[in-house]
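Chain residues, written in single-letter form:
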Amino acid sequence: MSTGQLLSIEPLELKFPFELKKQISCSLQLSNKTDSYVAFKVKTTNPKKYCVRPNSGLVLPRTTCDVIVTMQAQKEAPPDMQCKDKFLLQSVKVNDGVTAKDITPEMFNKEAGHEVEECKLRVLYVSPPQPPSPVPEGSEEGSSPRGSVLENGNVNGNEFSNSARSFNDGLETPEKTQEERAFISKLTEEKNNALQQSNKLRQELDLLRREGNKNRAGVSFMFVIFVGLLGIVLGYLMKKT
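Residues numbered from 1 in each chain as written. Predicted model: local features only at pLDDT ≥ 70, side-chain atom pairs only at ≥ 80, totals over all residues. Heavy atoms only, no water.

Details of the pairing of strand E8 (residues 63-71)
Relative to E8, strand E4 (residues 24-32) runs antiparallel, the two sharing nine bridges. Pairing of Ser27 across the sheet is with Ile68, part of E8. Note: strand E6 (residues 50-53) against E8, four bridges, orientation antiparallel. The partner of Cys51 across the bridge, within E8, is Thr70. (Pairing = 2+ DSSP bridges. Helix = DSSP H or I, 4+ residues; strand = E, 2+ residues; numbered from the N terminus.)

Quick look at the structure:
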């Protein structure tokens, strides 16, 4: 901020976020910290390139005034993004009760004996603000995932699924991950127990099957013995008869 006897100016540099083929504006704030009426006028070394509103005016005592400077759309960028344009703000004390319509170029003529304060302002080109970057996969909480929209208005399902998966992954917290690990560990333990029970049942089934085969073999042998004894008894009885 430049603090003169009449007007304080902020900022002292006109910064334009330069973009080709686009009008760009910036503002100046003029503050009158005196008890006098102060008239001002803005001049530039390149009047065809800039539009200043208002380019002259009146700042009442203890008030402020905003000046908007608009740069016309440029077809090409200057070398090294350096600008040689300059602005000059002139201010002069005027009689109380003067209005903006009463301001004339003669008021800012030093040769006519007027006490004119002058402040030179530089022009700077700065990089335009960057748009927000998309939320990468696996990042922290961000905007809702969106599938790409095709020309016919349909959403690409694969990209939507991938984005949704990335979004869900991004919502994971250390607490949630710990709970999931405990749950997975519990499921693994139950699975192992089930496998052990299955193996045990299979072994018992094999044992029962082997015992059944032995029992069936024993029954067959006893049946043979019984038939043999029955044959002997019948033969003995037939001999007696």
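Alright, that's what it looks like, and here's the rest.
Topic: the sheet that holds strand E7 (residues 56-59)
On the basis of which strands lie adjacent, the open sheet formed by five strands has the order E3-E10-E9-E5-E7 and mixed pairing. Taken across any chain shown, the strands that pair with only one partner, and hence form the sheet edges, are strand E3 (13-17) and E7. Each adjacent strand pair in this sheet contributes to an overall mean axis angle of 25 degrees, direction not counted. (Axes fitted to C-alpha atoms, helices over the stretch in contact; angles between N-to-C directions.)

Some thoughts on the pairing of E4
Side-chain positions along a regular strand alternate between the two faces of the sheet. Examined bridge by bridge, strand E2 (residues 7-10) and E4 share four bridges and lie antiparallel to one another. Looking at the pairing, Glu10 lines up with Gln29 of E4.

Regarding unusual backbone geometry
Across the junction of Glu10 and Pro11, the peptide omega takes the value -5 degrees, indicating a cis bond. With respect to the helices, strands and loops of the structure, Pro11 is situated in the loop between E2 and E3. Cis geometry marks the peptide bond from Arg53 to Pro54; its omega dihedral reads -10 degrees. Here Pro54 shows up in the loop between E6 and E7. Of note, the phi angle at Lys21 is positive, near 55 degrees, even though the residue is not glycine. Relative to the helices and strands, Lys21 resides in the loop between E3 and E4. Overall, Lys21 belongs to the exposed group, its relative accessible area being 68%. One non-glycine residue, Met81, lies in positive phi territory at about 55 degrees. For Met81, the position within the fold is in the loop between E8 and strand E9 (86-94). (Buried < 20%, exposed > 50% of the residue type's maximum accessible area, 1.4 Å probe, protein only.)

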